[in-house]
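Observations on chain architecture
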Protein chains: 2
Amino acid sequence: MKVVKFGGSSLATGAQLEKVFQIVISDPERRAVVVSAPGKRHAQDTKVTDLLIDCAKQYLLSGEAPELVKTIVGRYADIAAELGLPEDVIDLIHSDLLHLLEGEKQDPDRYIDAIKASGEDNNAKLVAAYFRHRGAEAHYVSPKDAGLFVTSEPGNAQVLPESYDNLFRLRQQEGIIVFPGFFGFNQEGEVITFSRSGSDITGSILANGLKAELYENFTDVDAVYSVSPSIVSDPKEIRELTYREMRELSYAGFSVFHDEALIPAFRARIPVQIKNTNNPAAEGTRVVAERDNTNGPVVGIASDSGFCSIYISKYLMNREIGFGRRVLQILEDDGLTYEHIPSGIDDITIILRQDQMDEAIEQRIAKRIKEELDADEVTIEHNIALIMVVGEAMRHNVGTTARASKALSEAHVNIEMINQGSSEVSMMFGVKEAQEKQAVRALYQEFFAKVLV
Amino acid sequence: MKVVKFGGSSLATGAQLEKVFQIVISDPERRAVVVSAPGKRHAQDTKVTDLLIDCAKQYLLSGEAPELVKTIVGRYADIAAELGLPEDVIDLIHSDLLHLLEGEKQDPDRYIDAIKASGEDNNAKLVAAYFRHRGAEAHYVSPKDAGLFVTSEPGNAQVLPESYDNLFRLRQQEGIIVFPGFFGFNQEGEVITFSRSGSDITGSILANGLKAELYENFTDVDAVYSVSPSIVSDPKEIRELTYREMRELSYAGFSVFHDEALIPAFRARIPVQIKNTNNPAAEGTRVVAERDNTNGPVVGIASDSGFCSIYISKYLMNREIGFGRRVLQILEDDGLTYEHIPSGIDDITIILRQDQMDEAIEQRIAKRIKEELDADEVTIEHNIALIMVVGEAMRHNVGTTARASKALSEAHVNIEMINQGSSEVSMMFGVKEAQEKQAVRALYQEFFAKVLV
């Protein structure tokens, strides 16, 4: 049994839905289909999820949003018309949406969550209707009926453990299960969504619960690339990578697959196959627990900008018990998360995502560190990019660091900081944002271009 | 005005004391002399400070230690006899020691501190007597009379700020001041010692208080070497280095100068000159606030063994606010200090000195991290060496990392971890202890041997 998940761009038009149908029907093991809400039909288009959020907010303000309702229902209606589906499914979607919009508004976050989730929910009904229209046995299954229970934090639901046993019972279901992604229900029966792009998470939970042999994630690229195509043209595709490698790459900007979504698959050791709806013949990329290393120590290079660093020095800091812990406490008091803490003897540097900070927060933190910890110097630097060089095989490969830092040096990139823990699945370089692309290209050249020639 | 400090080996015999006298007298600016207790006369000898500690402990147990008292007083008597000094100074030392040994024993730590400190105190009296015997005007000055006040923690005294103004008044003193190192007095008038080898600290405090132009620290090596002579034979001498470079090197095993001793000199920007009592014509090494960079980016390479690492991984650790802080809290609860925290995305490695840990502590900590923080994996590894590559000029030098890691790779050294903060005064490599010497030699070869040829 395979769980197959389709992203929004794979479900944006009737023509796309037909591709989805052909893919599912071509393999009888593809028994559970998880769907996103209809995505963009072209670059300037708006995703249905974003329309729904706007609609919910307008309802909260004014109690109506007729234009938006029309646009949203129109998106489903266009698809249905293109596919020659009877209008009753659109009537159902229309009344469902109006019913939700008239619902309980006391907690705006939960209200918005319920409206947002309808994008996936109604799309699952539409997809099931189309599959049946084409003669397949297909059933929409509600997460509530299936027992997908989650915690109560809107926009950040966490699956509850009993869900897996509940979902296992779906194996008894005849035909193809069409299951909406992105949300579950809390103990009170309210809709709660996962974090953004959370349909990947639903697919992974379902694969775990159903004890599927494979979780196929269909999107709009042929594979995960070893480096961003926006930096290096025509980069090498990755055939196979481990959960950890995927996680390290997605941390620094690889957004093909939601990182939280790896957990349920990882726990059950279910391989995740990333494939292209528009080119299903392409091999795609497989994410697995362990892989053979065939092609050099590095599997991918990711980079992300928008970091800042807080440099703190204090003579003999190293002797002070609790210094680091107290610095982290000051950050935590402001709700800040940090990324890394490279250190010298009497200095530490804390790397954070700078979108968490504004000038007031920066000043408050610098002041507290100076005064409460009696630091000699506190300096905040902005616009740092982190570059991750990722590969499990680096662990046993003497000289990867040398190759990487030599490549950067020859490209005249100044390394602001380096961080490499004893796991050695990745190596992190901090550089100035202005040198980010230069650095990534130099590393790609070193670890991939040479191999390919 | 210069403050001159002599270490124990420079004061172990009459012949050594004569060298000290000649050095002091040769420069009329050498107005304040800080002395250690007599040190080792040869490799198998015992330092007077160690004899005094044994003596104090035996007194605490049995109320007497006649053999040790005889040995200790004998050490001073031998020096006095060699120099032809009258016996009255030895009688004074003998009665002072007996008086201290019969003193208040309620707080054993303070009792031991008082006995320990007598090594320096009595040696200052002896040195002053010898200088006078040779016709110089020289006066023993007690830290109590001079107002060198410190905090009350035995064996870890911290100077109190008012001491500096008190000491400034010593500028009025005629002739040469002979001042015992290693201790001060707390507000209650009790002797409290600095940490071990604390005479360096006294010299630095005195230099600061007296507003000296230079603090000369005489020891038994010609200079600070760029790498340990026990690893590389005949290493390059360092002519000049900054306080920060000195601090980073001394952290990882360069023990020429006590690292706490740099602070008072550093605060007053007084240069520290390290020279050899046995070869005063040698240029020595100067420690300054800023220096010109003339000779490559690296000034020295230090290494130290005896570290262990705690590797902790947890999927999506990176998203958890407070994870790092809670790990550090667990260590702090056991009184442990850590050195560095290199990290991956969902893992951190904590480097600690392993002499703080035993099996029980390790198990307790690993258990708490696993249970309280729900970590996926906690692994403790032993016998790690840290190698520090130090140099202020690394900051502006693209490619130092590449050179260092390439040198290690060519020497087949596997880099277990790297840590380089944005200060870039140093770069840290963690390697297995078995590869420590190999690694240091390879780095020395890269950064020094090539320059020298």
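This is a predicted model, so every value here is computed, not measured. (Residues numbered from 1 in each chain as written. Chains lettered and ligands numbered in written order. Predicted model: local features only at pLDDT ≥ 70, side-chain atom pairs only at ≥ 80, totals over all residues. Heavy atoms only, no water.)

1. Considerations on the relation of the copies chain B and chain A
- Note on the identical chains: chain B maps onto chain A by a rotation of 180° and an axial translation of 0.0 Å, with an RMSD of 0.1 Å. Taken together, the rotation angle and the small translation identify this as a two-fold axis.
- Taken together, the interface assignments show that 100% of the residues at the interface of chain B recur at the interface of chain A, consistent with an identical surface on both copies. (Least-squares fit on C-alpha atoms with pLDDT ≥ 70 in both. Contact = heavy atoms within 4.5 Å.)

2. Considerations on the UniProt feature "binding site: ATP" (unreviewed entry) in chain A
All names here are of chain A.
- Listed under "binding site: ATP" (unreviewed entry) in the UniProt record, and renumbered for this structure, are Lys5, Phe6, Gly7, Gly8, Thr219, Asp220 and Tyr225.
- Note that Lys5 resides in strand E1 (residues 2-6).
- Overall, Lys5 belongs to the buried group, its relative accessible area being 7%.
- As for its position among the elements, Gly8 is in the loop between E1 and helix H1 (14-25).
- By relative accessible area, which is 18% here, Gly8 ends up buried.
- Look past the residues within four positions of Gly8 in its chain and what remains in contact with it is Ser36, Ala37, Pro38 and Gly39. (UniProt positions renumbered as here; feature names shortened; annotations may be inferred. Helix = DSSP H or I, 4+ residues; strand = E, 2+ residues; numbered from the N terminus. Buried < 20%, exposed > 50% of the residue type's maximum accessible area, 1.4 Å probe, protein only.)

3. Focus on the side chain of Thr337 of chain A
- In this fold, Thr337 of chain A is placed in the loop between helix H11 (323-333) and strand E14 (338-340).
- Look past the residues within four positions of Thr337 of chain A in its chain and what remains in contact with it is Leu352 and Gln356 of chain A together with Ile321 of chain B.

4. Some points on the packing of aromatic side chains
- The full count for this structure, using the stated rule, is 14 aromatic pairs over all chains.
- Seen from their ring centres, Phe183 of chain A and Phe185 of chain A are 5.9 Å apart, and the 70° between their planes marks the pair as edge-to-face.
- Taking relative accessible area as the criterion, Phe183 of chain A reaches 2% and is therefore assigned buried.
- Geometrically, the ring pair formed by Phe266 of chain A and Tyr315 of chain B is stacked, given 5.6 Å between the ring centres and 20° between the ring planes. (Phe/Tyr/Trp six-rings, centres within 6.5 Å; stacked < 30°, edge-to-face > 60°.)

5. Notes on the pairing of strand E16 (residues 377-390) of chain B
Residue and element names in this part refer to chain B.
- Alignment of strand E13 (residues 300-313) against E16, held across eleven bridges, turns out to be antiparallel. Residue pairing for E16: Ser309 is matched across the bridge by Glu381.
- Sheet analysis places E16 next to strand E18 (residues 426-432), joined by seven bridges and oriented antiparallel. Of the residues in E18, the one forming a bridge with Met388 is Met428. (Pairing = 2+ DSSP bridges.)

6. Some points on the interface of chain B and chain A
- Taken together, the contact between chain B and chain A spans 59 residues of the former and 59 residues of the latter.
- Buried area between chain B and chain A, summed over both chains or domains, comes out near 5400 Å², and the portion from carbon and sulfur atoms is 52%.
- Applying the counting criterion to the chain B and chain A interface returns eight salt bridges.
- Contributions of two or more residues to the side of chain B that touches chain A are made by helix H9 (243-251), helix H10 (262-267), helix H11 (323-333), strand E14 (338-340), strand E15 (347-353), helix H13 (400-410) and strand E17 (417-420) of chain B.
- Looking at side-chain class alone, the side of chain B that touches chain A contains 20 nonpolar, 22 polar and 17 charged residues.
- In this sheet, E17 of chain B lies alongside strand E17 (residues 417-420) of chain A in antiparallel orientation, the contact comprising three bridges. Bridge assignment links Gln420 of chain A to a residue of E17 of chain B, and that residue is Ile418 of chain B. (Buried area = accessible area lost by both parts, 1.4 Å probe. Salt bridge = Lys/Arg side-chain N within 4 Å of Asp/Glu carboxyl O. Nonpolar A, V, L, I, M, F, W, Y, C, P; charged D, E, K, R; others polar.)

7. Here's the deal with the UniProt feature "binding site: substrate" (unreviewed entry) in chain A
All names here are of chain A.
- In the numbering used here, UniProt assigns the feature "binding site: substrate" (unreviewed entry) to Thr49 and Glu120. A maximum C-alpha distance of 8.3 Å among these annotated residues, which run over 72 residues, shows that they cluster at one spot.
- In this structure, Thr49 sits in helix H2 (residues 48-62).
- Sequence-distant contacts of Thr49, defined by excluding residues within four places in its chain, comprise Ala37, Lys116, Glu120, Phe182 and Arg196.
- The class of Glu120 is buried, set by a relative accessible area of 4%.
- In contact with Glu120, other than residues within four places in its own chain, are Val35, Ser36, Ala37, Thr49, Pro180, Gly181, Phe182, Phe183 and Ser199.

8. Notes on the sheet that holds strand E2 (residues 30-35) of chain A
All names here are of chain A.
- As summarised here, the arrangement of the eight strands in space is E3-E4-E2-E1-E7-E11-E12-E10, forming an open sheet in which the pairing is mixed. Because the sheet does not close on itself, it has two edges, and the strands there are strand E3 (138-140) and strand E10 (240-242). The average undirected angle you get between the axes of adjacent strands in this sheet is 20°.
- Two elements, E1 and strand E7 (residues 214-219), share five bridges in a ladder whose sense is parallel. (Axes fitted to C-alpha atoms, helices over the stretch in contact; angles between N-to-C directions.)

9. Details of the environment of Lys116 of chain A
Residues and elements named next belong to chain A.
- Positionally, Lys116 belongs in helix H5 (residues 108-133).
- For the pair Lys116 and Leu92, spaced 24 residues apart in the sequence, the C-alpha separation amounts to 17 Å.
- Dropping the residues within four chain positions of it, Lys116 is found in contact with Thr49, Leu52, Ile53, Phe182 and Thr193.

10. Quick word on unusual backbone geometry
- Of note in this structure, His412 of chain A is not a glycine but carries a positive phi near 60°.
- Here His412 of chain A is to be found in the loop between helix H13 (400-410) and E17.
- On the basis of relative accessible area, His412 of chain A is assigned to the exposed category, the value being 61%.
- In this structure, Arg269 of chain B is a non-glycine residue whose phi angle is positive, near 55°.
- Among the secondary structure elements, Arg269 of chain B is positioned in the loop between H10 and strand E11 (272-276).

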